[in-house]
Each structure stands twice: as structure tokens, then as C-alpha cells.
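Chain by chain, the residues run as shown.
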Amino acid sequence: MAEMWINMGPQHPMTHGLWNLRIKVDGETIVDAEPEIGYLHRGYEKIMEVREFQKNVVLTDRLCYVSSITWSHCYCLACEAVMDLDVPERAKYLRVVTNELQRIASHLMWLAAFGPDLGLLTALLWALRERELFLDLIQLISGARMNQNYPRIGGVRNDAPPDFEKYCRKVIVHFRKKLAEHEMVFEQSKLFQVRTVGVGRISKEAAIDWGVTGPNLRACGAAIDLRKLDPYDAYPQLEFAPAVEHGGDSYARYKVRVEEMKTSCDIILQALKKMPAGPYRVKPPRRCEGEGFRRTEDSRGEALFYVIGDGDDRPYRVKIRSPVFSSIAAAPIMMRGSKVADVVAIMGSIDVCVGEMDK
Amino acid sequence: MTGALIDLFGWSYALASFVLWLVSLPIALVNWVAMQTGAASPGPLAGLIGWVTGPGLTGFVAVIVAVNILLLWATLLHLLTVMWIERKMYSRLQDRRGIMIGLGSSDILRRTLGPIPLLGRPFRKPSHLGTGFLQTVADGVKLFQKEVITPTNADRWMFHAAPVIIASSTLFLFVAIPWSDGFWLMGSMRDGVPVNPWGILVILGAFSVAPLGILIAGWASNNKYTLLGGMRAAAQLMSYEIPLLLSIIALVVLAGTLDPFQLVRNQSQPLTFGLGPLGRIQVPFLPNWYIFNPVLWIAFVVLFVTVIAEAERIPFDIPEAEAELVEGWTTEYSGMRFGLVFGFKWLRAIAGAALIAILFFGGWSGPVFMTVWTPNLAAPGTQYPIPILPQEFWFTVKIYVIFIVFVWIGWSVPRIRIDQILNLGWKTLIPLSILSILLATLARGFRWF
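Residues numbered from 1 in each chain as written. Chains lettered and ligands numbered in written order. Predicted model: local features only at pLDDT ≥ 70, side-chain atom pairs only at ≥ 80, totals over all residues.

Details of the overall build of chain A
- Secondary structure summary: chain A contains 15 helices and eight strands in total.
- Relative to a compact globule of 359 residues, whose C-alpha radius of gyration would be 21 Å, chain A shows 20 Å and is just as compact.
- For chain A, the spread of C-alpha atoms along the principal axes amounts to about 65 × 45 × 35 Å.
- Classification of the 359 residues of chain A by burial places 53% in the buried group.
- Counting only contacts in chain A whose residues sit at least 6 apart along the sequence, the fraction spanning at least 24 positions is 71%. (Helix = DSSP H or I, 4+ residues; strand = E, 2+ residues; numbered from the N terminus. Rg over C-alpha atoms; globule rule 2.2 N^0.38 Å. Buried ≥ 20, exposed ≤ 12 C-beta atoms within 10 Å, placed from the backbone. Contact = placed C-beta atoms within 7 Å.)

Have a look at this one:
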């Protein structure tokens, strides 16, 4: 068979979202790959220039609807850097708790998408079943299951409801048991191993060169976690170790995410224990001038907001750095030489979210 | 042991005789009128009447009737049931209830029959708490209503021929497989028992026709995804037909026959083991199923894996890997053509399960205690068996238990990759099946079993 280009997208079961992966195949072997994005571009950075600082939080929620809180949190941190705002201690802890809840929910959504990619539809239902519990917790504290709009510039929208800690503990105890079951289904399955081990390998150096961050980078053996390296909020007061794997392949990326869910559980319990009483929000100024810059460890990697205020009540310029944008760029490196069926094993393990990639 | 409920050819012959007798009535009337108007005694149409009601035409029509009965048996009974079982089973594996549309979901029936005592009871329940059996019917009706689209650049003839090849070869499987001592079409009666000396070969031949249709479908659609799917199907066929045949050869070497009826008769004996010079011992309470024969265990594993691959079920459903190839070779099909190629995959799974049941699990032979022996009044001194649960029941139960194992495996593991599937086929299954032939030959030669 001669070499030919195959479009995997924009409407294709492999793409979780609206983007196109063109692959050049020789029979079943991938010779080259070329991600094409832009199908979901909504002009976020421009819209944010015409809306007030506080009102943009709603927009940033929608950057990635699977991981809303982490994104709006990052934006709030950047705005606070512009405004030189000190956030109350309790708000910091509440942010950590909701962030980690959102991280677990996001990773479970990833697991739910990764299973069907490999042909294991049961994983979808199982992972979504577990995610439901965390969505319930997030709903309990923020009132919404999706697009929560919970972090605020200067704190969080509302305090935790009574007995929130109790519910969290209950869910986490249950979730740890269920996660062990998931690990059993995936890791003890020989078929899962042959589909993921050694597939989509990328070296640590190449991953750093291409700007791969987050779990995908930690799967290559680099212990780079912004919660540790550039800590924000209450993370310096909490004890945890970021999960690191050395395979650099799809299996390592899977392992890192599963370990991260366990780490997040620990962080939540610690934060809930150490959470001080006090106010949960301060009033931010309406107008501000200056530059603010903040990067956080999003569920998918390094999220970055760069906000410039020119004294008006709306930002002069906002720049968003999406981790998936860079990870996607490195996808051809992971893909060359593998088989067509590996496309789903590789792209599924990267955890693509087109909303934040196209902005 | 147990008897057959259905005498397919006998029933078909009776039905055909009746139909042909009805056909011959107007001819006889014309003949009578002709005789009244002065024709000679047998009448001018007597020969025609004799031909219409004669054994030749009746036998031909009886075969057509029997094939149609098998068609209904395959599609109306097995296809709907197997879809329902699969969807219910994997829903339970996934912690949900699955399809629940039943007769009680019908609005009209709920309104009219609901208030009626006793009769209306199922219609007073909530509408989505049924067994879900009607969902499969609804899906079929939906597919019937959809437009059949032919892609502009497709090879029209081949594109439309492929579903026909796939569907007809699958139905041929159902004709080739005997369903009980009486419910069969391929074979003949000899000494009062059915025989079909090449039955297993015919079944295997019917199995390997459908991948050709898949390859044609993939190629004729003129689509990159379907082409890859069709090529994958061809590669998979090459690597899985061979171990399938070889593993069955191992069994045939030991059993000494390719006749499915004889295989089942062998397996309905009590289980005995040969101990070389020490003679034979009989194991109480167990039938002589080939699954209990340690020599054939390797062959059984190979056969089971290859039948899953033949039926294109996960983990071997790479020709229609929906994650990377959209819907694989079925991508371009729509309407009932899609229904044919997609639904008949389940029928092939059922046929595969039937093959496994015949070869290893005693086919339609049931437990001994399910037969009541009564004095035979026609021949005094002998006894006549009355089956409480007929052979068809036991065969269907075995088939569906095996199918549920397919579902169980299929929804617990991910899909395997094409190169890995070929590796598995060529490097593992073929050597294993050759090893099992060797074992079976040794066992046969030294009379171990």
C-alpha cells in the first residue's frame, strides 16, 4: 500500500473534542503526524479584554469544562498578582481542596475516555461512576456540577458547607477502595499492558524541549510539579510528593495520573485538617494597573495566566498558556513509527482538552 | 438420552404437502370440469396434479420451507435474544441496568389495557422498568426506516453485494449446524439416526466466507477507514482460520469423525478413561464431553480464542475498531445494510458458540435424569424415552452460557493491536494447535482415551 494521509478528525471518535490529527500511514505504520487545531477557537484572550476583571472568572471556567476550578483559580491568582492582593488563609485552603477535588474529577474523566479509546467501554462507566462522587462534593461546596465559577479574585465565593469535611472523608475512603479496583482491572490486564507499555515513548529531554508539562512530563522521569517548585496558596504548608514515573510511554502516563489521584486524596485530607477559621474572601479593587503573572499546576500541566491592567476596570491584555497546546505539538514525536491503533493509545494518554487548547 | 422436540424436515414436509395439496385443488377443479365436458377418465391435467403433489416437488418445497424456518430461527429468535443478552450483560458489568423498554412501555397499551385487572398489570408499572427485550425490535425497525446511502465513489455492485455475502454465509452457518437430533437440514438418516459425515468441514467452510465479504465491503466503500478495516479483516482471517482448523483437527483425530451427530452421540456416553494395559475406568455422573479430556485442553483454548476472533468480538474486533477507524469496514453502510452486517456478527458469535458446544460440551445431549422411560406399547418389552426438557433446550442453554462468557471477556479487556493479533495467531496459537494435534495423535495411537 502506498503512503497516504488519513484525517482523524475533526469528526472522529479518536478526537475528544474538535480538532484534526492528520496521520501519514504506510500500511498500518505511522510515518508522520500533524495536529491541526483551530476548529474551536473562540477568541478568549480578546473577549477577556472587554469584560471586567471579576466577570472574566466565568469565562475561564469554560476554558476546560472538565477542569473548571483549576483554570479560574489560575486566573484569580494572576489577577491577585496584578492587584497585590492578600488572600485570607482559609480561602487558600478552600482553593486547595476544590482544586484537588477538581483534579481527581478531571483525571477520572480522562480515565473514562482512555478506556473506550483502547476498546474497554466498561472503564468509561466505572470511572464516571466514581467521578460522580467528586462532582457531588464540588456541587456541595460550589453549587454546580460543571462550570462552577467558584474561585474569586480575593478568595472564594462561599465558605464550605457544614459537615463538608465529613463528606469528603467518606468519599475518599470509598474512592480509595474503588481506585484499587480500577488499578486491578487495568494493570493486571495483559492486554492493557501490551497496548500501552512502550507505546508513544518520549524522552525527558525531548519532552522538556517541546514544552510538555504536567503528568505527561512527570511520566518521563522529571519531577517537575509547580505545586512544589513554585508553590502557591496553601501548598507550601502541605506535605506531599508528586508522582513520577520513568517510562515516558502511555503506561507511565496512566500510572502518573492514577498516583496523582491518590496524592490528591492525601492533600485534600491534610488541607481539611489544617484549614483555619476566618474570612474566606477580601474585596478586590475594581481597577488596577500593572502586570501579573501566575502559573499553576493544572490537571493537564502548567497553566499560565499573564494579565496586564492599565488602570481600567478590565484587563488590557490577557495571555493564556495551555498545557495541552504544547503536549499536542509533541504528539508527532511520540507517534512516528507506531501503528494506527496506537494513535488512540497515545492521544488518549496525553489527555487532550480542546477547549483550553484552542482558547 | 433426551429426545428432540422438533423434527424439522418432517414438519416442513407436512407443511409442504399441505400447501401443494391446496395448490392442486384448483387444478383438480379444472380437471373435473374438463372431465364433465367429455375428456377421458383421468382427465387432461391428471399428470400435472400428480407432479404437484408428488414426492419430488414436495421434497423441494419442504427444503425451502425448512430453510425459511431456520431463517426465522436465526433472526427472530437468536438475533433478538443475543442482542438483548449482550446488552443486558454488559450493562450489568458496567453497573447499570441497560435497556428497559418492554411491552409495558407502549403508550397505547398502557392506556387501554392498564385499568384492566390482571391483564393490565404489566402496563401499570413505570414505562422504563421492562425487561428491555423490545428495544432490540425497536432498533431493527429504526434501521428499516433509514435511507440506504451509497457513496458516490463506491463500487456499487461490490458495495451492495458485500452485505449479501456476509448475511447469506451466516445464514448458511445456521443451516449447516444441526440444532438437535431432529432439528437439522444438512445430513441424512441412516439406520434410524441422522448422519452428516462432513458436517464440521461444511461449518468451517461457511465460517470463512464472511471475511471475504468484509474485505469486499471495506474495499468497495472507497474509504480509507473501511479499506484499513477490510485489510485488517483479511489479515486476521489468514492468521486465525489456520489455528481454528488445526485445533479442530486435534479433536477429530481423537474422536475419529467429522460428523457432528456422531460427535454428540460420542459425548452423550458416560465418561471413561483408558489406562493403557489396565483397561478402562468409568467416571460416574459425568458425560463423555471432550472438555473433560486433558489431551484436548490446549485445543479447546485455541478454539475458544479463534472463535472469538472469528466473531470479531473484543479483544479481536480490530476490523471495526471504532476508536481509530470510526466504524471500520462498516463505516459507509447505512440503514438495513448496516443492520445486516452489524447484526449478523452476533449470529456468527452464536454459530461459533454452537460449534464450541458441539465439539466440546456435548452439543444437544442433556443430563440423563431429564428423561422418563415408559413401557413402549408398540413394542412390548422395550422402553420408550419421553424427554422432559428436549435437546433444543439443552443446546440453547449451552450456547448462551458460552456466549455470556464471550460477553464477559469482551467487556473486561481492551482491544488488541493488529500486529499483536497477528503475532498471537502465528507465533502462539498455531504452534499450540500443532502441539495439540501431536498430543491427540499420541493419545489415539497409545489408546490413552
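Considering the overall build of chain B
- A count of helices and strands for chain B gives 14 helices and six strands.
- For chain B, contacts bridging at least 24 residues in sequence account for 74% of all contacts bridging at least 6.

Observations regarding the sheet that holds strand β3 (residues 29-36) of chain A
Residue and element names in this part refer to chain A.
- Read from one edge of the open sheet, three strands run β1-β2-β3, paired in antiparallel fashion. Each of the sheet's edge strands pairs with one partner strand only, and the pair in question is β1 (3-8) and β3. Looking at each pair of strands side by side, their axes are set apart by 20° on average, direction ignored.
- The pairing of strand β2 (residues 20-26) with β3 spans seven bridges and is antiparallel. Opposite Arg-22, over in β3, you have Glu-34 as the bridge partner. (Pairing = 2+ DSSP bridges. Axes fitted to C-alpha atoms, helices over the stretch in contact; angles between N-to-C directions.)

Quick look at the interface of chain A and chain B
- Counting residues at the interface gives 27 residues for chain A and 24 residues for chain B.
- Looking at the side of chain A that touches chain B element by element, the count peaks at five residues for helix α5 (residues 121-142) of chain A.
- A class-by-class count of the residues in the side of chain A that touches chain B yields 17 nonpolar, four polar and six charged. (Nonpolar A, V, L, I, M, F, W, Y, C, P; charged D, E, K, R; others polar.)

A look at the packing of helix α4 (residues 89-117) of chain A against α5(A)
All names here are of chain A.
- Interaxial distance between α4 and α5 falls to 8 Å at its minimum, and their mutual angle equals 160°. Overall, the two elements α4 and α5 adopt an arrangement that is roughly antiparallel. α4 and α5 meet at a crossing whose hand is left-handed.
- A per-class count over the contact of α4 with α5 returns 18 nonpolar, five polar and two charged. (Parallel < 35°, antiparallel > 145°, perpendicular 65-115°, else oblique. Left-handed = near helix turned anticlockwise from the far one by under 90°.)

Section: the sheet that holds strand β7 (residues 301-310) of chain A
Residues and elements named next belong to chain A.
- Strand order across the open sheet formed by three strands is β6-β7-β8, with antiparallel pairing between neighbours. Only two strands of the sheet have a single partner each, and these edge strands are β6 (289-298) and β8 (315-321). For this sheet, the mean angle separating the axes of adjacent strands, direction not counted, is 10°.
- Where β6 meets β7, ten bridges bridge the pair, whose relative direction is antiparallel. Within the sheet, the bridge partner assigned to Thr-296 lies in β7 and is Ala-303.

Overview of the nonpolar core
- Grouped together as the largest cluster of nonpolar side chains are 225 residues, with contacts concentrated most on A:Phe134, B:Leu251, B:Ile350, B:Ala353, B:Ile356 and B:Leu359.
- When sequence neighbours within four positions are dropped, the list of residues in contact with B:Leu251 reads B:Tyr290, B:Leu296, B:Ala299 and B:Leu359. (Core = buried A, V, L, I, M, F, W, Y, C linked by C-beta atoms within 7 Å.)

Re the environment of B:Val202
- Examined against the element boundaries, B:Val202 turns out to sit in helix α7 (residues 199-207).
- On a C-alpha basis, the gap between B:Val202 and B:Phe172 in space is 9.4 Å, while along the polypeptide they are 30 residues apart.

Topic: helix α6 (residues 164-187) of chain A
- In this model α6(A) runs 33 Å from its N-terminal to its C-terminal C-alpha over 24 residues, within 8% of the 34 Å that 1.5 Å per residue would give.
- Every buried residue belonging to α6(A) is among A:Cys168, A:Val171, A:Ile172, A:Phe175, A:Leu179 and A:Phe186, and all of these are buried. (Expected span 1.5 Å × (residues − 1).)

Digging into the packing of α6(A) against helix α11 (residues 250-274) of chain A
All names here are of chain A.
- As a packed pair, α6 and α11 sit with axes 11 Å apart at the nearest point and diverge in direction by 165°. By the angle between their directions, the pair α6 and α11 is classed as roughly antiparallel. Once α6 is placed against α11, the crossing between them reads as left-handed. Across from Glu-165, Cys-168, Arg-169, Ile-172, Phe-175, Arg-176, Leu-179, Glu-183 and Phe-186 in α6, the residues of α11 making contact are Tyr-254, Val-258, Met-261, Lys-262, Cys-265, Ile-268, Leu-269 and Leu-272.
- Here the contact of α6 with α11 is built from residues that sort into twelve nonpolar, no polar and five charged.

Some points on the environment of B:Thr112
- By secondary structure assignment, the location of B:Thr112 is in helix α4 (residues 107-113).
- Sequence separation of B:Thr112 and B:Phe123 is eleven residues, and the distance between their C-alpha atoms is 9.1 Å.

Some remarks on α7(B)
Residues and elements named next belong to chain B.
- Listed as buried for α7 are Gly-199, Ile-200, Ile-203, Ala-206 and Phe-207. All buried residues of α7 project into a common sector of 125° when viewed along the axis, lining one side.
- In this structure, the buried residues of α7 make contact with α6 (156-176), α9 (224-255), α10 (260-267), α11 (297-310) and α12 (335-360). (Arc of directions from axis to C-beta.)

So, the confidence of the model for chain B
All names here are of chain B.
- Looking at chain B, pLDDT values average 83 and 95% of them are 70 or higher.
- Taken element by element, chain B is modelled with least confidence in strand β6 (residues 383-387), mean pLDDT 67, and with most confidence in α11, mean pLDDT 90.
- In the predicted assembly, ipTM is 0.83 and pTM is 0.86. (pLDDT = per-residue confidence, 0-100.)

Comments concerning unusual backbone geometry
- One non-glycine residue, A:Asn147, adopts positive backbone phi at about 50°.
- Mapped onto the secondary structure, A:Asn147 falls in the loop between α5 and β4 (151-152).
- One non-glycine residue with positive phi stands out, namely B:Glu312, at about 55°.
- The residue B:Glu312 is located in the loop between α11 and α12 in this model.
- Note on B:Glu312: 22 C-beta atoms within 10 Å, which makes it buried.

Notes on the pairing of β8(A)
All names here are of chain A.
- In this structure, β7 lies alongside β8, joined through six bridges in antiparallel fashion. Bridging across to β8, Tyr-306 finds its partner in Lys-319.
- Connecting the antiparallel pair β7 and β8 is a turn made up of four residues, with Gly-311 showing a positive phi of about 90°.

Quick notes on the environment of B:Ser91
Residue and element names in this part refer to chain B.
- With respect to the secondary-structure elements, Ser-91 resides in helix α3 (residues 55-93).
- Assessed through the 17 C-beta atoms surrounding it within 10 Å, Ser-91 is described here as partly exposed.
- Along the backbone, Ser-91 and Gly-59 are 32 residues apart, and their C-alpha atoms lie at a distance of 46 Å.
- Discounting chain neighbours no more than four positions away, the residues touching Ser-91 are Arg-96, Arg-97 and Gly-98.

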